[in-house]
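Observations on the model geometry
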Amino acid sequence: MTDEELRTIEPGVGVFWHEPNPPYHLWFGVVVSHEPTGEVSISIPGRGRLVRARSDRLHREVPTDAVACPLCQAGRTTGAVDRHRSGQSPTE
Ligand SMILES: [Zn+2]
């Protein structure tokens, strides 16, 4: 999403967050708070922890068109998004 979109998101809203490392698994999380740095803190139930992220690592919904997001393109080749949708946790 864009910085603009991120600013309009209230705490409690669900978003999808890319892990920082390949293959950039997409996780559902809930926005907890906005940080002064321009990041948001997100609670990731599937990981049991909080993360901070900038707008370029977040989506409002699982994208159907990944062209605009390099992280989605990277993840797509591994099926990470499909695994997320089916509710299975990636093996770590
Ligand atoms: Zn993406």
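Conventions we followed
- Residues numbered from 1 in each chain as written.
- Predicted model: local features only at pLDDT ≥ 70, side-chain atom pairs only at ≥ 80, totals over all residues.
- Helix = DSSP H or I, 4+ residues; strand = E, 2+ residues; numbered from the N terminus.
- Buried ≥ 20, exposed ≤ 12 C-beta atoms within 10 Å, placed from the backbone.
- Pairing = 2+ DSSP bridges.
- pLDDT = per-residue confidence, 0-100.
- Core = buried A, V, L, I, M, F, W, Y, C linked by C-beta atoms within 7 Å.

All right, on to the overall build of the protein then. Summing up its helical and strand segments, the protein has three helices and five strands in all. The N-to-C order of helical and strand elements in the protein reads α-β-β-β-β-β-α-α. The proportion of buried residues among the 92 residues of the protein is 24%.

This paragraph deals with the pairing of strand β3 (residues 40-44). With four bridges joining them, strand β2 (residues 26-34) and β3 adopt antiparallel strand pairing. Bridge assignment links Ser33 to a residue of β3, and that residue is Ser41. With antiparallel pairing between neighbouring strands as the criterion, β2 and β3 make up a hairpin whose turn holds five residues, including Gly38 at a positive phi of roughly 95°. Summarising the sheet, β3 and strand β4 (residues 49-53) pair through five bridges and their orientation is antiparallel. The residue of β4 that forms the bridge with Ile42 is Val51. Hairpin connection between β3 and β4: a loop of four residues separates the two successive antiparallel strands, and Gly48 in this loop has a positive phi of roughly 65°.

This part is about the pairing of strand β1 (residues 14-18). Successive residues of a regular strand alternate their side chains across the two faces of the sheet. Most of β1 is tucked away, with four of its five residues classed as buried. Here β1 pairs with β2 via five bridges, running antiparallel. Paired with Gly14 across the strands is Val30, a residue of β2.

For the rest of this paragraph, the subject is the sheet that holds β1. With antiparallel pairing, the five strands of this open sheet are ordered in space as β4-β3-β2-β1-β5. Single-partner strands in this sheet number two, and they are β4 and β5 (58-59).

What follows concerns the confidence of the model for the protein. In the predicted model, the protein carries a mean pLDDT of 84, and 80% of its residues have values of at least 70. Highest mean pLDDT in the protein belongs to β3 (97); lowest belongs to helix α3 (residues 80-85) (50).

Let us now look at the nonpolar core. Membership of the largest hydrophobic core is limited to 10 residues, which are Leu6, Val15, Phe16, Trp17, Leu26, Val31, Val40, Ile42, Ala53 and Leu58. Mapped onto this core, the elements with two or more residues apiece are β1, β2 and β3. The element that contributes the greatest number of residues to this core is β1, accounting for three residues.

Glancing now at unusual backbone geometry. Looking along the chain, the bond that leaves Pro22 and enters Pro23 is cis, with omega of 0°. Within the fold, Pro23 resides in the loop between β1 and β2. The phi angle at Tyr24 is positive, at roughly 55°, despite the residue not being glycine. The residue Tyr24 is located in the loop between β1 and β2 in this model. Residue class for Tyr24 comes out buried when judged on the 21 C-beta atoms lying within 10 Å of it.

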